[in-house]
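Structural overview
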Amino acid sequence: MTKQTKYNPHAVEKKWRPIWEAQKLYQAGDDLAKPDIYILDFFPYPSGAGLSVGHARNYVPTCIISRYKRMRGYNVLHPMGWDAFGLPAENYAIKHNIHPSESTKLFADTYRRQMQAMECSYDWSREINSTFPDYYKWTQWFFLLLHQRGLAYRAMGSQWWCPSCQTILANEQVEQGLCWRCDSEVTKKELAQWYFKITEYADRLIADLDTVNWPENVKTMQRNWIGRSEGTEVVFEVKNPQITQISQIEEQKSVQSAKSVAKNFTISTFTTRADTLFGVTFIAIAPEHPLVGQIVSDGQATAVSHYTQQAKRKSEIERTATEKVQTGVFTGAYAAHPLTDEPVPIWVADYVLPSYGSGAVMGVPAHDSRDFAFAQTYDLPIVPVIEPMGGEADEDCFVGYGRLINSAQFSGQTSQEAIAAITTELQTQGKGQPQVTYKLRDWLISRQRYWGAPIPIVHCPECGPMPVPEDELPVLLPETDNFAPAGDGRSPLAHVQDWVNTTCPQCGEPAQRETDTMDGFACSSWYFLRFANPHYDEGSFDPAAVRRWLPVDIYVGGTEHAVLHLLYARFWTKVMADAGLIDFVEPFTELRNQGVLSSPLDGRRMSKSKGNVITPDEVIDQHGTDALRLNVVFLGPFDADVIWDDAGIRGMTRFVGRFWTLAQEKVHAKAQRHEDEKAKVRFERAQHKIVKRITQEMDDFRFNTAVAGLMEYLNSLYDAREQAIGVEAWREAIGTMARLLAPLAPFIAEEVWQTALGHTESVHLQPWPSYNEAMTLDDEITIVVQVNGKVRDRMKVAADLPVDVVKETAVAQPNVQNHINSQPIRKIIVVPQKLVNIVV
């Protein structure tokens, strides 16, 4: 027998890594006889902190499923690249006095090294980087595509401004009034910005969620963000306000005259509860509403001006918080109720947001809790117009549906009847109509920062904003050491005069380049297409390769991008489909969200700033790559939040070592003269059972229970060590174990397969083990025996015992006979292979 050696993970890893690399083991297959599968991670943003073991919670499982699918006979596309433009890299570069192109290269190198240390099976020949000109050239090309299709436009607007990052933020990037990147409090700023018209795709973005296999909570988050509401537009006419109009002499820029004029204005509101229209006692408009300055009376002008300025300094979260006291100010103007012509006072209230609906709401304090609080604060009338179906409401503010009262000819109707009838009446009178509104707003993509893809637009004094011709792409990001924001609200690119000054592509006269760069999410809205063939240089993606590999079959990442990245990528995909560039409308067929792996130091998500990071480097140095991979997935279900466990990693180290020890012992054992056939059958049956179990666990992403099953199987092999089973049966069992373990722990699997078993081709090129269904059935099972529904005994019987014999055997059990106690048996109920219930 060959002398046994102790398993040395570091020596084994050093041995196999260069061999696998030379074999190009992980490159996407090109066997046309095999099915294709595309498995992709969310586009990672490499940071200076490098990877923690928390990141392994994402990257190790996708590696496992990729390896598994290769062994199941698939051509597997499993690529990796870097979403490296953006604020964190630029801020790091400013802080450390290094150019962001240098720092992002260092970060990507670190991420790649750590991923390779974890033996993530990426096809590195397809690596891409969003900051390289050969990539962002095509991001700019997509901008032009959107522009050509009327889906990219420039407009003035009041935008979220982060004074720390010194850039504009999209609505989605403001969380509870704070910048999503640096947690600074945001303010509002008026700027001309570029937008993508994602709102045109709102209904399709909702409807097509039904066609993808995604977690329901992510679908709900997207539906809620889009916020589709069906209701009624109600138009109130302002009753001839007296307005002070200031005219200016353009040449002198001075006040010429002021005169009072009478002018008709209307205020459009949206409601899902038209049945409450007769309960309107005030109208509230947002401080940003364009009519505020036009309808306010002279007597209220100062108060309204002061209030609106104060309101604009608050975040949307502050303004809409349910626990705060609702505030407002009367404009001095009134509107006519559309069905009664009664005067309705118009207030400015900061709980009304300009970003939802028309920026105006009709106040119904008897049936809306927020309106009720506002009315109580300012002593406004509260008129009930809905009562519960069972009688009077118990509370002052009844928000449910019911039957109408105090509502003219609509009194007595149910809420559902009245919503339809009142909407029809408004439409007949030209004072309203059915309407659908959305919370979703167009995607603001301008950023006043250096480190991003330049927007391919030239501003000409004569021709206006002109797209850069496609044959002049990419618009290269100029090299400059002055990339920090200047504090003037403009991009640092605005100060690179040699770059800014150009000629108009249409008239040839002097013009200036757009100096804003694109939101980083633009780069990640199409990268999945580039991976199909990143070396293709005739377009943004290779049409033939995309037809072969896309859409992505399995997409894996965290729920933090459930709204932002996923929504934007879906939008771009639909635009491309409409342009005839691709033949699918959803980019990701199946979505999987991993749980968070938190630090054992404080139970929080790992972060360098919190000082609670455990790196894969330190774990691998101490325990090896296989132990790290096994522990990462063993900690809990794939989608569950878990905490790193040092005891678990030690257990995985022992598990790997025990397998190596057993493999050496049994593969080189001497042949036995006599074999126990019954023991051999049980041994083989256990092998078929574990293959079936692990196959099911892999298909369902249940990697934690797959590891548990393999640990149990290894224990059963140890229990069988002294049985007369035979060397060939042992070789088959150990070989099966090695193949089952290969996706999870690639190094020990290869070492056992080639070094212990003597095979010459990699275990990772072997087919996945198969099983015989008949061999997975137990030869003996335990049946529970009940008398009148109560457990009285358990019995072991042959698995294939006929039902009649099962009944007879159950009745004959001594303890069962005691409880039957000579009573007549009325019937016997049998649940096959599980239970017998004797009714007496």
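Please read these numbers as outputs of a predicted model, since none were measured by experiment.

Observations regarding the overall build of the chain
Per the secondary structure count, the chain includes 25 helices and 35 strands. Projected onto the principal axes, the alpha-carbon positions of the chain cover approximately 115 × 85 × 50 Å. In the chain, which comprises 840 residues, the share counted as buried stands at 52%. The long-range share in the chain, meaning contacts at least 24 apart out of those at least 6 apart in sequence, stands at 73%. Summed over its atoms, the accessible surface of the chain is roughly 37600 Å², and 48% of this surface lies on carbon and sulfur atoms. The centroid of the 83 positive side-chain charges in the chain is displaced by 7 Å from the centroid of its 103 negative side-chain charges.

Topic: the packing of helix α18 (residues 625-634) against helix α23 (residues 746-756)
The contact between α18 and α23 brings their axes to 7 Å, and the two run at 125°. One way to sum up the angle between α18 and α23 is to call them oblique. Contacts between α18 and α23 pair T625, D626 and R629 from the former with P746, F747 and I748 from the latter.

Here we look at the state of the cysteines
This structure, assessed with the given rule, holds zero disulfides. Summary of cysteine pairing: C460 is not part of a disulfide, and the nearest cysteine sulfur, belonging to C507, is at 3.7 Å.

What about unusual backbone geometry?
Cis peptide bonds are those with omega within 30 degrees of zero, and the linkage from L473 to P474 qualifies with 0°. Its location among the elements puts P474 in the loop between β24 (464-467) and α13 (497-500). In the segment running from L550 into P551, the intervening peptide bond is cis, with an omega of 0°. Topologically, P551 is positioned in the loop between α15 (543-549) and β28 (552-557). For A408, which is not glycine, the phi dihedral falls at a positive 50°. Along the polypeptide, A408 turns up in the loop between β19 (403-404) and α12 (415-428). Although it is not a glycine, S822 adopts a positive phi angle of roughly 65°. Here S822 shows up in the loop between α25 (814-820) and β34 (827-831).

Quick notes on the packing of aromatic side chains
Across all of its chains, the model carries 43 aromatic pairs by this definition. With centroids separated by 6.3 Å and ring planes inclined at 70°, the aromatic side chains of W138 and W141 adopt a geometry described as edge-to-face. Of this pair, W138 and W141 both sit in helix α5 (residues 133-148), three residues apart, which is roughly one turn of the helix. Owing to a relative accessible area of 17%, W141 belongs among the buried residues under this scheme. Summarising the aromatic geometry, the rings of F330 and W347 are spaced 5.7 Å apart at their centres and angled 40° between planes, so their arrangement reads as tilted. Of the two residues, F330 is situated in strand β15 (residues 328-336) and W347 in strand β16 (residues 343-349); the sequence distance between them amounts to 17 residues. By way of ring pairs, the aromatic residues Y135, W138, W141, F142, F143, W194, F196, W443, F521, W526, Y568 and W572 are connected into one cluster. Sitting above the plane of the W499 ring, R513 keeps its charged end 5.8 Å from the centroid. For the cation-ring pair, R658 lies above Y718, with the distance from its terminal atom to the ring centre recorded as 4.1 Å.

Here we look at the environment of P743
Relative to the helices and strands, P743 resides in the loop between α22 (727-741) and α23. Given the relative accessible area of 0%, P743 is considered buried. C-alpha separation for the pair P743 and S66, spaced 677 residues apart in sequence, amounts to 7.9 Å.

Focus on the pattern of salt bridges
Tallied over the full model, the rule gives 32 salt bridges. In this structure, R702 engages D700 in a salt bridge whose closest nitrogen and oxygen atoms are separated by 2.7 Å. Put simply, R693, E697, D700, R702 and E712 are held in one network by salt bridges that share partners.

Concerning the sheet that holds strand β26 (residues 510-513)
Remark on secondary structure: sheet strands pair via backbone hydrogen bonds, oriented parallel or antiparallel. Ordered by their spatial adjacency, four strands build an open sheet running β24-β23-β26-β25, and the pairing between neighbours is antiparallel. Looking at which strands have only one partner, the edges of the open sheet turn out to be β24 and β25 (501-503). Averaged over all neighbouring strand pairs, the angle between strand axes comes to 45°, with direction disregarded. In this structure, β25 lies alongside β26, joined through three bridges in antiparallel fashion. Pairing of N501 across the sheet is with Q512, part of β26.

Brief notes about the pairing of strand β9 (residues 187-196)
On a regular strand, one side chain projects to one face of the sheet and the next to the other, so that they alternate. Where strand β5 (residues 152-162) meets β9, ten bridges bridge the pair, whose relative direction is antiparallel. When the bridges of β9 are listed, R154 appears paired with W194. Sheet topology places β9 next to strand β21 (residues 443-444); two bridges connect them, and they run antiparallel. Looking at β21, one finds that Y195 is bridged to L444.

Let's talk about the sheet that holds strand β29 (residues 588-593)
Here we have four strands laid out as an open sheet, ordered β2-β1-β28-β29, and parallel in their pairing. Edge strands, defined here as strands with exactly one partner in the open sheet, are β2 (75-77) and β29. Strand-to-strand, the axes of this sheet are offset by a mean angle of 20°, without reference to chain direction. Alignment of β28 against β29, held across five bridges, turns out to be parallel. Looking across to β29, one finds that G557 is bridged to N593. Across the face of the sheet, helix α2 (residues 53-71) comes into contact with β1 (36-41), β2 and β28 while running at roughly 170° to β1.

Notes on α12
Along its 14 residues, α12 runs 20 Å from first to last C-alpha, staying within 8% of the 20 Å computed at 1.5 Å per residue. S415, A418, I422, T423 and L426 are the residues of α12 that are buried. The buried residues of α12 occupy an angular sector of 130° when the element is viewed end-on, so they sit on one face. Among the exposed residues of α12, those pointing more than 90 degrees away from its buried face are Q416 and T428.

Reading the values: the criteria
- Residues numbered from 1 in each chain as written.
- Predicted model: local features only at pLDDT ≥ 70, side-chain atom pairs only at ≥ 80, totals over all residues.
- Heavy atoms only, no water.
- Helix = DSSP H or I, 4+ residues; strand = E, 2+ residues; numbered from the N terminus.
- Buried < 20%, exposed > 50% of the residue type's maximum accessible area, 1.4 Å probe, protein only.
- Contact = heavy atoms within 4.5 Å.
- Areas by Shrake-Rupley, 256 points an atom, 1.4 Å probe, with all protein chains shown as cover.
- Lys, Arg positive; Asp, Glu negative; His and termini not counted.
- Charge placed at Lys NZ, Arg CZ, Asp CG, Glu CD.
- Axes fitted to C-alpha atoms, helices over the stretch in contact; angles between N-to-C directions.
- Parallel < 35°, antiparallel > 145°, perpendicular 65-115°, else oblique.
- Disulfide = S-S within 2.5 Å.
- Phe/Tyr/Trp six-rings, centres within 6.5 Å; stacked < 30°, edge-to-face > 60°.
- Lys NZ or Arg CZ within 6 Å of the ring centre and 35° of its normal.
- Salt bridge = Lys/Arg side-chain N within 4 Å of Asp/Glu carboxyl O.
- Pairing = 2+ DSSP bridges.
- Expected span 1.5 Å × (residues − 1).
- Arc of directions from axis to C-beta.

Limitation: the analysis is restricted to geometry and does not speak to function.
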